[in-house]
Amino acid sequence: MNKKNIILTGFMGTGKSSLGQLLAQKLHTEFIDTDQLIEERAGKSITAIFQDEGEASFRRQEAALVQELAERQNLVIATGGGLLLKPENVSALQRNGQIFCLVATPEEILDRISQQPGTRPLLANPDPLQKISELLKQRAATYEQFPRISTSGRSPEQLLEILLRKIIPHD
Ligand code: S3P
């Protein structure tokens, strides 16, 4: 049976990749992390892509990958936090998938991001907490269009249970 893709989005550091991996294991499906795939194909890190080619080039690579993934089925996809800022990426992925958005507070996001220094070029800022709040405000309308799951105080297993209940079965 062909099944729709499940797509996890949300701000950096909200745990999309961890939850996506758990969900894929549970559903026995393939897991794709868009950042990781872009890094593998480019042969360099996201930080290096931003430095060498600029953000616009990274966004083009994301959009090209979306077109490819939208043609596939039975995937669990964790997106980069800015990938669905382009409405055309949303409509492509929604044609064949359900999108969910993970939510965390700016403090929790900073805490998680701080454990992976140098990996988030958009937050390379003297005041990362302020930058996170600013980007969250700018992106609120994008993230709010999807069913949301708050990750605050919840274990990965609890989040998996919540997500499984939200996934709408289909033929
Ligand atoms: C970005 C989020 C990052 C990565 C890039 C840009 C964003 O992914 O795609 O640094 O614009 O929010 P994560 O959300 O996996 O950190």
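Structure: above.
Scope of this entry: the structure provided in the associated data block. The structure displayed is predicted, hence computed values, not measured ones. (Residues numbered from 1 in each chain as written. Predicted model: local features only at pLDDT ≥ 70, side-chain atom pairs only at ≥ 80, totals over all residues. Heavy atoms only, no water.)

So, on to the overall build of the protein chain. Counting its regular elements, the protein chain contains eight helices and five strands. For the protein chain, the succession of helices and strands along the chain, N to C, is β-α-β-α-α-α-β-α-β-α-α-β-α. Scaling as 2.2 N^0.38, a compact globule of 171 residues should have a C-alpha radius of gyration of about 16 Å, and the protein chain matches this with 15 Å. Overall, the protein chain is about 50 × 35 × 25 Å in size when its C-alpha atoms are taken along their principal axes. The 171 residues of the protein chain split such that 43% are buried. Of the contacts formed within the protein chain by residues at least 6 apart in sequence, a portion of 73% connects residues at least 24 apart. Accessible surface computed for the protein chain: about 8900 Å², of which carbon and sulfur atoms make up 49%. Placing the 20 positive and 21 negative side-chain charges of the protein chain at their respective mean positions leaves the two points 4 Å apart. (Helix = DSSP H or I, 4+ residues; strand = E, 2+ residues; numbered from the N terminus. Rg over C-alpha atoms; globule rule 2.2 N^0.38 Å. Buried < 20%, exposed > 50% of the residue type's maximum accessible area, 1.4 Å probe, protein only. Contact = heavy atoms within 4.5 Å. Areas by Shrake-Rupley, 256 points an atom, 1.4 Å probe, with all protein chains shown as cover. Lys, Arg positive; Asp, Glu negative; His and termini not counted. Charge placed at Lys NZ, Arg CZ, Asp CG, Glu CD.)

Counting residues in each nonpolar core, the largest one holds 31 residues, and the members touching the most others are Phe11, Leu84, Leu93 and Ile99. Residue assignment for this core shows that the elements contributing at least two residues are helix H2 (34-42), helix H3 (46-53), helix H4 (55-69), strand E3 (75-78), helix H5 (87-95), strand E4 (97-103), helix H6 (106-114) and helix H7 (128-144). A per-element tally of this core places H4 first, with four residues. With sequence-adjacent residues up to four places away left out, Ile99 is seen in contact with Ile7, Thr9, Leu84, Val90, Leu93, Gln94, Phe146 and Pro147. Ranked by size, the runner-up nonpolar core spans 14 residues in total, among them Ile6, Leu8, Leu19 and Ala24. (Core = buried A, V, L, I, M, F, W, Y, C linked by side-chain atoms within 4.5 Å.)

What follows is about the site of the ligand. Neighbouring the ligand are 14 residues; Lys16, Asp35, Arg59, Arg120 and Arg139 lie closest to it. In the environment of the ligand, an oxygen atom lies 2.6 Å from a nitrogen or oxygen atom belonging to the side chain of Lys16. Gly82 places a main-chain nitrogen or oxygen 3.2 Å from an oxygen atom of the ligand. Within the complex, the protein chains bury 95% of what would otherwise be the 380 Å² of accessible surface of the ligand. Considering each element in turn, the shell around the ligand owes the most residues, three residues, to H4. By residue class, the composition of the shell around the ligand is five nonpolar, three polar and six charged. (Near = heavy atom within 4 Å. Polar contact = N/O pair within 3.5 Å; in protein donor to acceptor, adjacent residues only side chain to side chain. Nonpolar A, V, L, I, M, F, W, Y, C, P; charged D, E, K, R; others polar.)

Bringing the sheet that holds strand E5 (residues 148-150) into the picture now. Taken together, five strands build an open sheet; the order of strands is E2-E3-E1-E4-E5 and the sheet is parallel. Only two strands of the sheet have a single neighbouring strand rather than two, namely strand E2 (30-33) and E5. Across the sheet, the axes of successive neighbouring strands diverge by a mean angle of 20°, strand direction being ignored. Relative to E4, strand E1 (residues 5-10) is paired through six bridges, and the arrangement is parallel. Paired with Ile6 across the two strands is Gln98, which belongs to E4. Strands in contact with helix H8 (residues 156-166) are E1, E4 and E5; relative to E5, the strand with the most contacts, it is inclined by about 160°. (Pairing = 2+ DSSP bridges. Axes fitted to C-alpha atoms, helices over the stretch in contact; angles between N-to-C directions.)

Moving on, we get to H7. Residues three or four positions apart in an α-helix share a direction because the helix packs 3.6 residues into each turn. Spanning 17 residues, H7 covers 22 Å between terminal C-alpha atoms, matching the ideal 24 Å at 1.5 Å per step. Bending of H7 peaks at approximately 50° at the position of Gln138. Those residues of H7 that fall on the buried side of the exposure criterion are Ile132, Leu135, Arg139, Thr142 and Tyr143. Those residues of H7 hidden inside the fold are in contact with E1, H4, E4, H6 and E5. (Expected span 1.5 Å × (residues − 1). Bend = angle between axes of the 7 residues up to and from the residue.)

Here Glu62 lies in helix H4. Beyond its immediate sequence surroundings of up to four residues, Glu62 is in contact with Asp35, Ile38, Gly80, Gly82 and Leu83.

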